[in-house]
Amino acid sequence: MLPAVAKLCCGISYPHLRSMAGKHNRSCILIGIFLSTVPVCLLAEPKQENSKSANEEQLFYIQHGQEAMRKALSMLEDREGWKVEIKESNGDVICSKVIPGSRTVFRLEAVLEASVDELYDLLFVRVEEMPRWNPSIKHIKVLKQVGPETVVTHEVSAEMAGNLIGQRDFLTVRHSCKQKFGVYLGGAAIQLESFPPQAGFVRAEDGPTCIVIRPLDKDATKSSFTWLLNVDIKGWLPKSIVNQALPQAQLDFTRHLRRHLSLR
Ligand SMILES: CC(C)CCC[C@@H](C)[C@H]1CC[C@H]2[C@@H]3CC=C4C[C@@H](O)CC[C@]4(C)[C@H]3CC[C@]12C
């Protein structure tokens, strides 16, 4: 349905987008169309030439990542049913929504003083360096680099005083898509036989999740940052505690990111 709508829009009212799409190569052809404030993203199937050269395993990761991004974007696109949870004085807003299966997801919207490229670099390309500037994250390792747009990562959250939840680890496929209108970072948990849950850690499951970064002003020194946090942190915990800790984790993340940006 969504791709059909998007194709229709490209063909009829966005011919420049259609011609642009042809200029993008690789598996990641994504067209964000601003039907509302959140884009509808169209992900093309990986191209034939690509699938021939990439082995099946790589294709599996790419498709898993693309699928996560597509699902997360369609959650963001649905403007119904969001409840404002937190409004910060700096303009950051977090909304929540209960999705089928009774999990609560959180959407943070913020404006960051950095270009889309800078944020892409910090949050995707140099993801392993994140624990250096974000004390909520203990460790991030890229386990597999599946082409320039897709990675498999292992993350460990930091132990925090006063945090009732405790450390978690995550195994995630992260897929990125960089295009003229901004950057999309999608992800979803995966399981790897070669990387089973570690003793002493509760393996949490991230995703389908997505971060959308778009340029705000003409000189592109500011970007809008929309982050759908959709995580099953596992373990036996009261929902009330989890649903308080997660938006707090988003605020902390954004605070650390801003501080890091201010030190450049
Ligand atoms: C115990 C609970 C409360 C802690 C939850 C910690 C969560 C919020 C942390 C742990 C690992 C973190 C992720 C680590 C890596 C990335 C990849 C990057 O491209 C975007 C941010 C993102 C996706 C982080 C988002 C926040 C994250 C999921």
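In the block above lies the structure referred to throughout.
None of the values given here were measured: they were computed from a predicted structure.

**Quick look at the overall build of the protein**
A tally of helices and strands in the protein yields seven helices and 14 strands. Taken over 264 residues, the protein has a buried fraction of 48%. Put simply, of all contacts in the protein between residues at least 6 apart along the chain, 57% involve residues at least 24 apart.

**Some thoughts on helix α4 (residues 56–77)**
The end-to-end C-alpha separation of α4 is 31 Å, in line with the 32 Å expected for 22 residues at 1.5 Å each. If you check which residues of α4 are buried, you get Leu59, Tyr61, Ile62, Gly65, Gln66, Ala68, Met69, Ala72, Leu73, Met75 and Leu76. A side-chain oxygen of the first residue of α4 lies 3.1 Å from the backbone nitrogen of Glu57; this N-cap is Asn55.

**Points about the site of the ligand**
The full set close to the ligand counts 16 residues, and Leu123, Glu155, Ile165, Arg174 and Trp227 are the nearest of them. Note that an oxygen atom of the ligand is positioned 2.4 Å from one of the backbone N or O atoms of Leu123. Protein coverage of the free-state accessible area of the ligand, which is 600 Å², stands at 95%. When atom positions are compared with the pocket grids, the ligand is found to occupy the largest pocket. For the shell around the ligand, the secondary-structure elements that each account for two or more residues are β6 (137–146), β8 (168–179) and α7 (239–262). It is α7 that provides the largest number of residues to the shell around the ligand, a total of three residues. Its residues placed into classes, the shell around the ligand shows 13 nonpolar, one polar and two charged.

**Quick notes on the packing of helix α5 (residues 116–125) against α7**
Close contact between α5 and α7 brings their axes to 12 Å; oriented N to C, the two are set at 120°. Here α5 is positioned oblique relative to α7, judged by the angle of their axes. Note that α5 runs across α7; the crossing there is right-handed. Within the contact between the two elements, α5 uses Leu119, Leu122 and Leu123 and α7 uses Phe253, Leu257, His260 and Leu261. The residue inventory of the contact of α5 with α7, partitioned by class, reads six nonpolar, one polar and no charged.

**Points about the layout of surface pockets**
Here the largest pocket is characterised by a volume of approximately 1,000 Å³. As for the largest pocket, its lining consists of 38 residues, of which Ser157, Phe170, Trp227, Leu229 and Ala249 are closest to the centre. Of all the secondary structure elements, the ones that give two or more residues to the lining of the largest pocket are α5, β6, β7 (150–157), β8, β9 (182–189), β12 (209–215), β13 (223–229) and α7. Considered as a void within the structure, the second largest pocket measures approximately 240 Å³ in volume.

Thresholds, definitions, all that
Residues numbered from 1 in each chain as written. Predicted model: local features only at pLDDT ≥ 70, side-chain atom pairs only at ≥ 80, totals over all residues. Heavy atoms only, no water. Helix = DSSP H or I, 4+ residues; strand = E, 2+ residues; numbered from the N terminus. Buried < 20%, exposed > 50% of the residue type's maximum accessible area, 1.4 Å probe, protein only. Contact = heavy atoms within 4.5 Å. Expected span 1.5 Å × (residues − 1). Polar contact = N/O pair within 3.5 Å; in protein donor to acceptor, adjacent residues only side chain to side chain. Near = heavy atom within 4 Å. Areas by Shrake-Rupley, 256 points an atom, 1.4 Å probe, with all protein chains shown as cover. 1 Å grid on protein atoms, 1.4 Å probe; cavity = no way out; pocket = protein on both sides within 12 Å on 5 of 7 lines; lining within 4 Å. Sits in = over half its atoms within 2 Å of the grid points. Nonpolar A, V, L, I, M, F, W, Y, C, P; charged D, E, K, R; others polar. Axes fitted to C-alpha atoms, helices over the stretch in contact; angles between N-to-C directions. Parallel < 35°, antiparallel > 145°, perpendicular 65-115°, else oblique. Left-handed = near helix turned anticlockwise from the far one by under 90°. Points joined across faces, edges and corners; volume = space filled by probe spheres on them.

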